[in-house]
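So you can see what is in the structure, the chains are spelled out below.
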Amino acid sequence: MNDNLESILSEAKTNVSAAPSKEELERLRVHYVGKKGVITSLLHQLKDLPAEKRKEMGAKLNDVKTNVEKVLKLRQSELGRKDLEEQLSKAPALDLSLPGQYSAASGSLHPVTRVMEEFIQIMKRIGFSVATGPEVELDYYNFEALNTPEHHPARDMQDTFYIEPPVLLRSHTSPVQIRAMKNKKPPLQIIAPGKVYRSDYDMTHVPMFHQIEGLMVDEHISFAELKGVLHYLVKDLFGARPLRFRPSYFPFTEPSAEVDMQCISCRGSGKECRVCKSTGWLEIGGCGMVHPNVFRHVGYDPDQVSGFAFGMGMERIAMLKYGIDDIRSFFENDLRMLEQFSC
Amino acid sequence: MLVSLNWLKEHFAKTDIKLDPRELADKLTMRGVHVAGIKRSTGSLTNVVVGKILQIEKHPNADRLRVTQVVFSEEEGAEKHQIVCGASNIAEGDIVPIALPGCVLPGDFAIKISTIRGVESRGMICSGKELGVSEDGEGILQLPKHAVLGQPLSKLLGGNGSAEDTIFEFELTPNRHDCMSVIGIAREAAPLLKTTLKEPKPAKFKAGAHRTSSIIKVEVDDAALCPRYIARVMDGLKVQESPDWIKERLEAVGIKPINNIVDVTNYIMLEFGQPLHAFDLRRIESGSIRVGAAKEQRDFTLLNGDTVQIEPGDIIIWDGERPIALAGIMGGLNSQIEDNTTSIVLESAGFDPIQIRRTAKRLGIVSESSKRFEKASDLAAVAAASEKAAVILRDSMGANVYHPPIDTNEYGVKEHVLAVDMREVRKITGLPNLSAEHAADLLDSIGISSHKKSPNVLSVRLPSFRQDLKSTIDLVEEVARLNGYEHIPQNLPLSVATYDRLDESSFEFENRAKHVLFNLGLKEAINYSFISEDLCKAYGFLNDNLVRLKNPLSEEMKVLRTSLLPGLLQNYLYNINRKAADLKLFEVGKTFFFDPNEETKVKEVPTVAGLISGHHLNPHWSGKSKEVDFYHAKGLVEILVRQLTTVYLNFEPINIPVLHPKRSALIKLGLKEVGFVGEVHPHIKDSVLETSEPLVVFEINLEVLRKYARSGVRYKAPSKFPGVELDLAFVVDQTVSAQSLVDSIKHAGGQLLSEVSIFDVYQGEHIPANKKSLAFRLNFLSSDRTLQETEVNASKDGIVKALTEKFQAQLRS
């Protein structure tokens, strides 16, 4: 009987999986497991066996039955799938080219916001925290404490809007540095993002723009650390690119430098390049070592600590990053510009 | 500032310097003396003259060429030259530069008589690029209509006519007063060209029969205002045109020659950076010059004819009680050089830069003199410049110079010495191996001498020409820049951030608001913080709390905004005029209000605002999208606030000019007003925006909202037991607010009632007039058991009872 069972099972498997139609499959089902099917009949014969054999055989038979039912079910679903495929192949096709619809409009973030966020993320990774301050400032924070007393020639470098002296619209975010240093003992590592105002409006200047300034103060900060941080920042923002530090002057830093990045358009060749005006370099910001007088103003001891500061215009960075060529377009809020910043 | 290369070269010790102007410019720039432009002077353009196009005809054999007839004289019947030209921007009557045969243009381009497609051409009409005078190669260089025909072009363009020259344009930083002169630039350039500054030849004067002091006296009231004053008297002068070499030098750098005496003072100023002033000796009536601060207000007429008001404190050159010059800024009309002047007093002096700047700024005068004096005075240059001027006036203009001059500081200039600790230099520059010897060499290359006081300390003599060098840090910078910033290594420092981090919450909260609205499909706008008063008025934001700029750029940018909406509404207008529709804009920024309690008298409020117009969604082929209305804007506000905070808002009626009186709401957080939301007032839509599109706006104070900011997620395990859902509809008076019903349902529903929402509002058939039906979906849930029907029914009964009692509500079945 054992051999018999084995052959019944393998025969059933072969037949079932080859059944060409649902009708044939039904016939096979009746043949094997129907009321008078082969396996059912064998089950009926179990009662004729001796008790000890009955149990063993019973288990085996049930096993065979289960297996046969399993292959029947499998084949059934296979055949059903085949029918469905046939039906679907006859179904009408969609016009795949029609625009899709999902019930949410796509928003966008202003290019300046994007660049600022990216900038901040990069600086946070190396330990800088965000500090903010008022846009309406006192002369003291905007100039005086930054080593730019009244009648200092450097005041001409930034044309300032006044509300009623000494109240003004900050001309840089440097006053935040003063406020931060007055509030906290060194070491200090901050970036100050925000709007700044200068009384200047032409092809290349707008009266309000966004700046991020960085400040790091500790016991052994030198110009080498300033260069290291700016290389890291620019590499992350624009990819690895040569930088040059051009000696310059700001009253609140000394030594001071302008930071130039190799032109992203002509890659420094300067050949007929509109982006860098054929100089091969793009000015991206100013920087320097914090002037000892600034430290004295905030109660830091310049013999104990040193530090660097740098500042960059976000519109400038966004222009270079996204290829925007008119700074005034940042504040027109033309939808055709804004919607390009939706991802 | 413009500087001529030829002039520079006169000041180098080495005479046969070969240099590439571009390379020199780059090197100077990298040493902090920024060259912003290089211009070739037109000196070499011989045989390029000014011509006039008399006639233009088509070229018989070439479509793109034209045959012109040009003349070099205005006279009737002047000889015509035929020139073939390919440019399109020419017209008959144009005044243009013509390269004549025999001329060699930049790039070794020789011009000769030629035949172009069968037509003879005797020269070339040139573009600026072909002449090397500008970058513009697009069309012919158009010359001014008044230009003298036949004149060499170089003369017209102010070039130096005889020799080729290069003009550098410098953009100097305000600290480098020493570079506002040919000698100053030469001092910086010399080491870059491996040479040194040429030592000036000492001038020799014969002591005259008359002493200077027998003719004029000089008094200085306060040496702090005028630390040095040298007066030289000269006679035997004749006012006339300057010799060519002086005129060419001046013209090359854009200074107009006036007469020999004035030209010499300008020449010396350009060379030494020391402004001079010449008085007509006849006009100094008291025989004495006094330098002193004005004590009272008075009018004074400058030599340019303007009358200005002198204020107490202004430094004045006095002739007795009469002002004759505004010291360091401009001379007076009453003592200027005239055509018949023969004797002069030549002033060379140093003045207090702060007072000069204060006066010049107040009067709005920017003269070549004040630009220099307001930075610093080099008291050694005061003497050198005076001497060289006297030499030129004597040798080239025949002046008889009285000697010695009067010098209020004849014992010379006090030199300051500064001890510079090399450890400080190394610490700041990040150059650990920088030796004292090397630093000394670098300083020496630009004329700053020093000696080693100890292994780590340099004793540096601060030269008088570098008044900007005052403290150690200034020398650190000098050493660093002369050594080259490129030699400083780069090192990414370890973070020094500490646990007591700064408060970033305000910035982060505003950023979160931006992101919520961005994710809800709004586009971020950024507008200027200042707007016009007219705009304030048009949108109804004119009030007593406005903050105005004292020096606005224009009326358009005068008032600090008290709302972000004028900006957004203007953005709406801008965009619909460009055919945009269905706008969704937001802005996060500060609004500004007058507030006497603030240190600056201005309160800044971080604010968010939004604007939505037209349809909820962009038009789509699959069907029509709903138009936006009050509820749409309210929904947006609710999502925004829910995402940012843990608070519930109340919406109450509001009446402000920008909003529809019935379809808008004041947003309140408890008792505090935090903003408003609603449809834009029909009047503003009609008369200001001229639109009939649905338009909704909102504005919220983020500062108040931030106090309730969500600080994170607090997890609550979901109930393991099924909830029960129950729908109830009530008919109530139209005036009953939905919120009051929800509040009562929640109150009466007990603890098991977990959620109430409104799923239908209905008025019309089957409902009496002045009544409305509201349908609520109630969810009951327990965290510890499966609810029994009796429990839910008890709650339902309580709700029905409460609503019936409180609102005379009728349960609909």
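Quick caveat: nothing in here was measured; it's all calculated off a predicted structure.

Scoring rules and cut-offs
- Along each chain, numbering runs from 1 in the same order as the chain's sequence is written.
- Chain A is the first chain written and ligand 1 is the first ligand written, with later ones labelled in order.
- Local features are withheld for residues below a pLDDT of 70 in this predicted model, meaning they are given only at 70 or higher, and side-chain atom pairs are given and counted only at 80 or more; totals for whole chains, interfaces and linings count all residues.
- Just so you know, side-chain values use all the structure's heavy atoms and leave hydrogens and water out.
- Put simply, DSSP H or I for four residues or longer makes a helix, DSSP E for two residues or longer makes a strand, and each gets a number counted from the N terminus.
- With C-alpha atoms as the basis for the radius of gyration, the globule rule is written as 2.2 Å multiplied by the number of residues raised to the power 0.38.
- Burial classification: accessible surface area is computed with a 1.4 Å probe over protein chains only, and a residue below 20% of its type maximum counts as buried, one above 50% as exposed, and the rest as partly exposed.
- Any two residues whose heavy atoms approach within 4.5 Å are treated as being in contact.
- Each accessible area is a Shrake-Rupley result for a 1.4 Å probe, and residues are judged covered by the shown protein chains and nothing else.
- The sign given to each residue is positive for Lys and Arg and negative for Asp and Glu; His and the chain ends receive no count.
- Taken as the charge location is NZ of Lys, CZ of Arg, CG of Asp or CD of Glu.
- Strand pairing is assigned whenever DSSP identifies at least 2 bridges connecting the two strands.
- Two rings from Phe, Tyr or Trp (for Trp, the six-membered ring) form a pair when their centres sit within 6.5 Å of each other. Planes less than 30 degrees apart are called stacked, planes more than 60 degrees apart edge-to-face, and all others tilted.
- The term buried area refers to how much accessible surface (probe radius 1.4 Å) is lost by two components on association, counted for both of them together.
- One speaks of a salt bridge when a side-chain nitrogen belonging to Lys or Arg is within 4 Å of a carboxyl oxygen belonging to Asp or Glu.
- Every angle, taken between N-to-C directions, lies between 0 and 180 degrees, and every axis is a line fitted to C-alpha atoms, over only the stretch in contact when it is a helix.
- Angular relationships are summarised with four words: roughly parallel below 35 degrees, roughly antiparallel beyond 145, roughly perpendicular across 65 to 115, and oblique for the angles in between.
- By the definition used in this description, the sense in which the near helix is turned from the far one sets the handedness, with an anticlockwise turn below a right angle giving left-handed and a clockwise turn giving right-handed.
- Classification used: nonpolar for Ala, Val, Leu, Ile, Met, Phe, Trp, Tyr, Cys and Pro, charged for Asp, Glu, Lys and Arg, polar for all others including Gly.
- As defined here, a cavity is a set of points on a 1 Å grid over the protein atoms alone where a 1.4 Å probe fits but cannot get out. A pocket is an open set with protein on both sides within 12 Å along at least five of seven lines, and residues line them when an atom is within 4 Å of a point.
- Grid points are joined across faces, edges and corners, and a volume is the space filled by probe spheres set on the points.
- Delimitation of the domains relies on an automatic or database domain assignment.

**Student:** I would appreciate a short explanation of the overall build of chain B in the present structure.
**Tutor:** In terms of helices and strands, chain B carries 22 helices and 41 strands. Over its C-alpha atoms chain B spans a radius of gyration of 41 Å, topping by over 25% the 28 Å that the globule rule assigns to 813 residues. With the C-alpha coordinates of chain B rotated into their principal frame, the extents come out at 130 × 85 × 60 Å. Counting the 813 residues in chain B, one finds 51% classified as buried. Put simply, 69% of the contacts in chain B that link residues at least 6 apart link residues at least 24 apart. When the accessible surface of chain B is split by element, carbon and sulfur atoms take 49% of a total near 39,500 Å². Across chain B, 98 positive and 107 negative side-chain charges occur, with their mean positions spaced 3 Å apart.

**Student:** Any chance you could explain the pairing of strand β33 (residues 602-613) of chain B here in plain terms?
**Tutor:** A regular strand places its side chains so that they alternate between the two faces of the sheet. Residues and elements named next belong to chain B. The buried count for β33 comes to 11 of 12 residues, which makes it a mostly enclosed element. With 11 bridges joining them, strand β32 (residues 584-594) and β33 adopt antiparallel strand pairing. The residue bridging lysine 590 from the neighbouring strand is proline 606, located in β33. Looking at chain direction, β33 and strand β37 (residues 695-701) are connected through 7 bridges and run antiparallel. Directly across from isoleucine 612, in β37, lies its bridge partner valine 696.

**Student:** How should I be thinking about the packing of aromatic side chains in this particular structure?
**Tutor:** The description of an aromatic ring pair uses the distance of the two centres, along with the angle that the planes make with each other. Residue and element names in this part refer to chain A. Scanning all chains against the criterion turns up 19 aromatic pairs over all chains. Relative to phenylalanine 341, the ring of tyrosine 322 has its centre 4.9 Å away and its plane inclined at 70 degrees; by these criteria the two rings are edge-to-face. On the criterion of sequence distance, the pair formed by tyrosine 322 in helix α10 (residues 314-322) and phenylalanine 341 in the segment after α11 (335-338) is long-range, its members being 19 residues apart. Given a relative accessible area of 31%, tyrosine 322 falls into the partly exposed group.

**Student:** How do you make sense of the interface of chain B and chain A when you look at a structure like this?
**Tutor:** Frequently, the measure chosen for interface size is the accessible area removed from exposure when the parts meet. Facing the 89 residues of chain B at the interface are 102 residues of chain A. Note on chain B versus chain A: buried area summed over both sides is about 7,900 Å², and carbon and sulfur give 62% of it. Taken together, chain B and chain A are joined by 2 salt bridges. Two residues, Glu508(B) and Lys124(A), come together in a salt bridge whose shortest N-O distance is 3.3 Å.

**Student:** When you look at the packing of helix α7 (residues 244-252) of chain B against helix α8 (residues 260-272) of chain B in this model, what are you seeing that I'm missing?
**Tutor:** Helix-helix packing is characterised by the crossing angle of the two axes and by the distance between the axes. Residue and element names in this part refer to chain B. Put simply, α7 and α8 touch, their axes get as near as 10 Å, and they point 55 degrees apart. It follows from the interaxial angle that α7 and α8 lie oblique. As for how α7 packs across α8, the hand of that crossing is left-handed. Between α7 and α8, the contacting residues are Trp245, Ile246, Lys247, Arg249 and Leu250 on the first element and Asp263, Val264, Asn266, Tyr267 and Leu270 on the second. Partitioned by chemical class, the residues of the contact of α7 with α8 number 6 nonpolar, 1 polar and 3 charged.

**Student:** Even after reading the chapter, I still don't get the side chain of Arg481(B), so can you show me in this structure?
**Tutor:** Structurally, Arg481(B) can be placed in helix α14 (residues 472-483). Classification of Arg481(B) by relative accessible area gives buried; the value is 3%.

**Student:** Looking at this model, I keep getting lost on the layout of surface pockets. Mind explaining?
**Tutor:** With a probe scaled to a water molecule rolled over the atoms, the places where space remains empty come into view. Residue and element names in this part refer to chain B. Each pocket or cavity is described by its volume, and for the second largest pocket that value is around 1,800 Å³. Forming the walls of the second largest pocket are 38 residues, and the residues nearest its centre are Lys634, Glu638, Phe651, Ala738 and Gln739. Those elements that provide at least two residues to the lining of the second largest pocket are α18 (630-644), β34 (650-652), β35 (659-669), α21 (738-749), β39 (753-762) and β40 (771-780). Split by domain, the residues of the lining of the second largest pocket number at least three in each of domain 5 (505-706) and domain 6 (724-812).

**Student:** Honestly, the sheet that holds strand β9 (residues 281-290) of chain A in this entry has me stumped. Any pointers?
**Tutor:** Through backbone hydrogen bonds, the strands of a sheet pair up, either in parallel or in antiparallel fashion. One open sheet holds the 7 strands; their spatial order is β1-β5-β6-β10-β9-β8-β7 (chain A), and the pairing between them is mixed. Both outer strands of the open sheet, β1 (129-130) and β7 (243-250) of chain A, are each paired with one neighbouring strand and no more. Taken together, the 7 bridges between β7(A) and strand β8 (residues 253-262) of chain A define a ladder with antiparallel strand orientation. Counted as the bridge partner of Arg246(A) is Glu258(A) from β8(A). Contacts from helix α7 (residues 174-183) of chain A reach β5 (188-197), β6 (208-218) and β10 (306-313) of chain A, with the element oriented near 35 degrees to β6(A). Contacts from α14(B) reach β7 and β8 of chain A, with the element oriented near 30 degrees to β8(A).

**Student:** Is there a simple way to think about the pattern of salt bridges in this case?
**Tutor:** Pairs can form between side chains of opposite charge once their charged atoms are near each other. All names here are of chain B. Scanning the entire structure with this criterion turns up 63 salt bridges over all chains. A salt bridge links glutamate 374 to arginine 357, with the nearest nitrogen and oxygen atoms 3.3 Å apart. Taken as a pair, glutamate 374 in the loop between α10 (368-373) and α11 (379-397) and arginine 357 in helix α9 (residues 353-363) lie far apart in primary sequence, 17 residues in all. For the pair shown, glutamate 374 and arginine 357 are each scored as buried. Where aspartate 727 meets arginine 777, a salt bridge forms, and the shortest distance between an N and an O atom there is 2.9 Å. Highlighted residues: aspartate 727 in strand β38 (residues 724-733) and arginine 777 in strand β40, separated in sequence by 50 residues. By relative accessible area, aspartate 727 is classed as partly exposed at 37%. On the basis of relative accessible area, arginine 777 is assigned to the partly exposed category, the value being 29%. One connected set of salt bridges, linked through shared partners, spans Arg176, Asp178, Glu188, Arg466, Asp468, Glu478 and Arg481.

**Student:** Please clarify how unusual backbone geometry should be interpreted in this entry.
**Tutor:** Most peptide bonds take the trans configuration, and most residues that are not glycine carry a negative phi. Cis geometry marks the peptide bond from Pro165(A) to Pro166(A), where omega comes out at 5 degrees. Mapped onto the secondary structure, Pro166(A) falls in the loop between β3 (162-164) and β4 (167-169). Here the phi dihedral of His766(B) falls at roughly 70 degrees; this positive angle occurs in a residue that is not glycine. You can see His766(B) is positioned in the loop between β39 and β40. By relative accessible area, which is 70% here, His766(B) ends up exposed. Positive phi values are uncommon outside glycine, yet Gln808(B) reaches one of about 55 degrees.

**Student:** In this structure, what is going on with the domain arrangement of chain B? I would like to understand it.
**Tutor:** Domain annotation of chain B identifies domain 1 (2-41 + 165-192), domain 2 (42-156), domain 3 (212-407), domain 4 (416-485), domain 5 (505-706) and domain 6 (724-812). The C-alpha-based centres of domain 2 of chain B and domain 6 of chain B are spaced at 93 Å.

**Student:** Can you help me understand the sheet that holds β39(B) in this one?
**Tutor:** Residues and elements named next belong to chain B. Taken in spatial order, the 4 strands line up as β39-β40-β38-β41 in an open sheet, and their pairing is antiparallel. Of all the strands in the sheet, the pair left with one neighbour each is β39 and β41 (810-812). Between one strand axis and the next, the sheet turns through 35 degrees on average, direction left out of account. Inspection of the sheet shows β38 paired to β41 by 3 bridges, in the antiparallel sense. Note that in β41 the partner of valine 731 across the bridge is glutamine 810. Those strands touched by α21 are β38, β39 and β40, and its axis lies near 150 degrees from that of β39. Sheet strands touched by helix α22 (residues 789-807): β38, β39, β40 and β41. Its angle to β38, the strand with the most contacts, is close to 10 degrees.

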